[in-house]
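Remarks on the overall topology
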Amino acid sequence: MPQKILAGRATDPQLRGDLVQVKVDQVILSRAPSRALAEAIATGMKKTPVEVAVAYDGTCVADASSLADIDEGSPHSVSPEFPTYNIPIARPGIGFPAPVHLERFAAPARLALTDDPRLATVGGIGMLSLVVSPSQLGQALATGSAWLRPPRSVQIHLSGRVRPFVCARDVALELLRRNLDEVVRRIEGEHHAPVILEFAGPSARLLSVGDRAVLCGIAPQVGAAAALFVSDEKTEVFLRDQRRSKAHRALVPDPGAPCEEVVSIDLGTVDPLLMDEEGVVRPVRDLAGKPVAQVVLGGDSGVTLRDMLAAALLLKSKRVPSRLDLLVAPPSRQVLEVLAQSGALVDLVATGARIVEPDRRVVTSEIYPPPPGGLSLRTADPEPRIAGTPSFVVASAETLAYAVATGAVGDPRSFKRPVRVTVPRALPTDDVLILRDKKGEQVSTKKPPPAPAAVPWKGPLTLDVLAGVPKGNGRAAVGARGRKAPAPAEAAAPAAQAAPAADEKAQEAPAEGKAAGGVALVLSTLDEVRAVAERATDLSSVRAVVAPFVPSTAVSAFASEGIATFLVGAEALGSIKEQKSVELPAPAQWGDRVAAVFGSERVEVAWLATGMERSWTHAGTVRQPPGASKPARS
């Protein structure tokens, strides 16, 4: 199915070559909207030609820091001038980007590019959503097309029916327990291509679009580029309920379509599961009886409207235990209105719930973090698990309801009987919080943000070695893209963000940041790679990433930021982490293998970039100059 979507939009329908040029239907801006807009303007964009482009402003709880971000033109802010470029703004309070986009904009058999891995959930409606860097998004906004690696597919065959008190969240956790990440990693290593999960089988067609979205949300956690369901009668009904029937298109795989591997799962064998604080998926009974201090019901993934209604029914006439804090974060404004109209919101409030705004920092635990020494249960997928980040337990909405009812972890099947939930067909679809340009009324007098200057590779380079991921949210990183250039004395700022074990090494970074050298990050796990990829635009002193596994989408995103990505064997990680610096030869001497010198040790590393990605790395940007010829649109 992903090949069908791309082939219909590619200049080469056969998808030959390392990268292919494809037409983009939608651009979803969430993590660094202003940076993407700056890149598009630098390319010469006046108005974007893509079918749908939306910028999500996820800062609902305004504070001095967020207001300063807007005033300084932070890459993460959303300024009022977006609608003048044909890019509507989803204002704070509309909900989390992933569920809102699924309801209001996502369309089957289309291609979307985004900077937010959590948008993988829109695959539940049959839309292919790929994560790229803000600079690649800028090119897509300006030209309506992008260069992408042709993907490979892994089919997940679903059969059987889920039992009472087993939700889509439990099925998603079961897939993680089946070591799907190892399958993705092996196929990536064989083909050097993005891997996309395709859900198929008789039971796939029985799932609601909401349940499908929950299953698609696991793609980033296993290293897959995206996940995709068919577009069928269930999809058409969902779009009809959203008053968007015209957006429907059928999408099914061709008979006998090849895939790299098939993973089968019988839904009838799935039990209530949870992911513990260490990231290990276990049966709920393994933690039964453990006291719970915080429950966060909702968020941007792992929960559907049906799950929210079921939790409210299970908690009706219950009371929150004295030592437990129940927070309810409705995924979208639509879900909040349905909860209110049905009386479920009143039931939750009567239970003792606190309704919190859909601020992006809720899912990252920057606000409402897990209480120290207490257990936090949540429905949303976790951020990449790295040292120093808050950890919590992930479980289904019904498992959370049991924890609220009893004050401890337990199997939701201990409730007397399952609840009957009726999801209303008449859904509120008022887009009052979508800000669009109306004949110039929203034109801003503020100047557009400047695009960051590219820093190319010009010759041999010596980089400081930093093991692990820099601490913090990265927004104070040296030379953060989209902000004013730091003074030389400020350029040692990455040291303040280095992991504890590498603080001393980070402080030895060259005072001139990228221009005088920079940092090579040595990463051990997929979560570390994901964390760095999501913050690549902030970590401007990073020039290279060395790891035993880097997904193809991350390689492309790093290349577009001028960051070289190298593959190294796991056995060599221990020794190179101990080195203080690495010497890389001039780019002209780079091939598929590069001779790097870590300290006094010579190590052959594989350069993972391919085709145009190599020229992006050398140039330090994917940006095309204004006036460059635009690709033909299919």
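Model, not experiment: these values are computed from the prediction.

1. Remarks on the sheet that holds strand 3 (residues 52–56)
Pairing in this open sheet of 6 strands is mixed, and the strands run 6-5-2-3-4-19 from one edge to the other. Both edges of this open sheet fall to strand 6 (128–131) and strand 19 (434–435), since each of them pairs with a single strand only. Inspection of the sheet shows strand 4 (residues 89–90) paired to strand 19 by 2 bridges, in the antiparallel sense. Paired with Ile89 across the two strands is Leu435, which belongs to strand 19.

2. Describing the environment of Ala387
On the secondary structure map, Ala387 appears in the loop between strand 17 (376–378) and strand 18 (393–395). Through-space distance from the C-alpha of Ala387 to that of Gly468 is 8.6 Å; in sequence the pair is 81 residues apart.

3. A short note on the environment of Val529
With respect to the helices and strands, Val529 occurs in helix 17 (residues 526–534). Accessibility expressed as a relative area gives 1% for Val529, which makes it buried. Taking the C-alpha atoms as reference, Val529 lies 8.7 Å from Pro384; in sequence the two are 145 residues apart. In this structure, Val529 is in contact with Leu523, Ala547, Phe549, Val550, Pro551, Ala554 and Phe558, ignoring residues within four places of it in sequence.

4. Topic: the side chain of Glu103
Relative to the helices and strands, Glu103 is located in helix 4 (residues 97–104). One buried charged side chain, Glu103, makes no salt bridge at all; its nearest oppositely charged neighbour is Arg104, positioned 6.1 Å away.

5. Digging into the nonpolar core
With 44 residues, the main nonpolar core has Phe558, Phe566 and Leu584 as its most contacted residues. Sort the elements by how many residues they give to this core and strand 22 (residues 542–547) lands first, with 5 residues. For Leu584, the residues in contact, after removing those within four places along its chain, are Trp457, Pro460, Leu461, Leu463, Phe566, Trp590, Val594 and Ala596. Counting 40 residues, the second-largest nonpolar core is a separate cluster that includes Met45, Ile89, Val132 and Ile196.

6. Let's talk about the sheet that holds strand 24 (residues 581–584)
Taken in spatial order, the 7 strands close into a barrel running 20-21-22-23-26-25-24, and their pairing is mixed. Within this sheet the neighbouring strands show an average axis-to-axis angle of 35°, counted without direction. In this sheet, strand 23 (residues 564–567) lies alongside strand 22 in parallel orientation, the contact comprising 4 bridges. Residue Val545 lies in a different strand from strand 23, and its bridge partner there is Thr565.

7. A few points about the pairing of strand 9 (residues 195–200)
Along strand 9, 6 of the 6 residues are buried, which leaves the element largely enclosed by surrounding structure. Taking every second residue as pointing to the same face, both faces of strand 9 are buried, with Val195, Leu197 and Phe199 on one and Ile196, Glu198 and Ala200 on the other. Pairing geometry for strand 8 (residues 152–159) and strand 9, over 6 bridges, is parallel. Its bridge partner being in strand 9, Arg152 is matched across the sheet by Val195. Strand direction decides the pairing type here: strand 9 and strand 10 (residues 226–228), joined by 3 bridges, are parallel. Opposite Ile196, over in strand 10, you have Ala226 as the bridge partner.

Cut-off values and rules
Residues numbered from 1 in each chain as written. Predicted model: local features only at pLDDT ≥ 70, side-chain atom pairs only at ≥ 80, totals over all residues. Heavy atoms only, no water. Pairing = 2+ DSSP bridges. Helix = DSSP H or I, 4+ residues; strand = E, 2+ residues; numbered from the N terminus. Buried < 20%, exposed > 50% of the residue type's maximum accessible area, 1.4 Å probe, protein only. Contact = heavy atoms within 4.5 Å. Lys, Arg positive; Asp, Glu negative; His and termini not counted. Salt bridge = Lys/Arg side-chain N within 4 Å of Asp/Glu carboxyl O. Core = buried A, V, L, I, M, F, W, Y, C linked by side-chain atoms within 4.5 Å. Axes fitted to C-alpha atoms, helices over the stretch in contact; angles between N-to-C directions.

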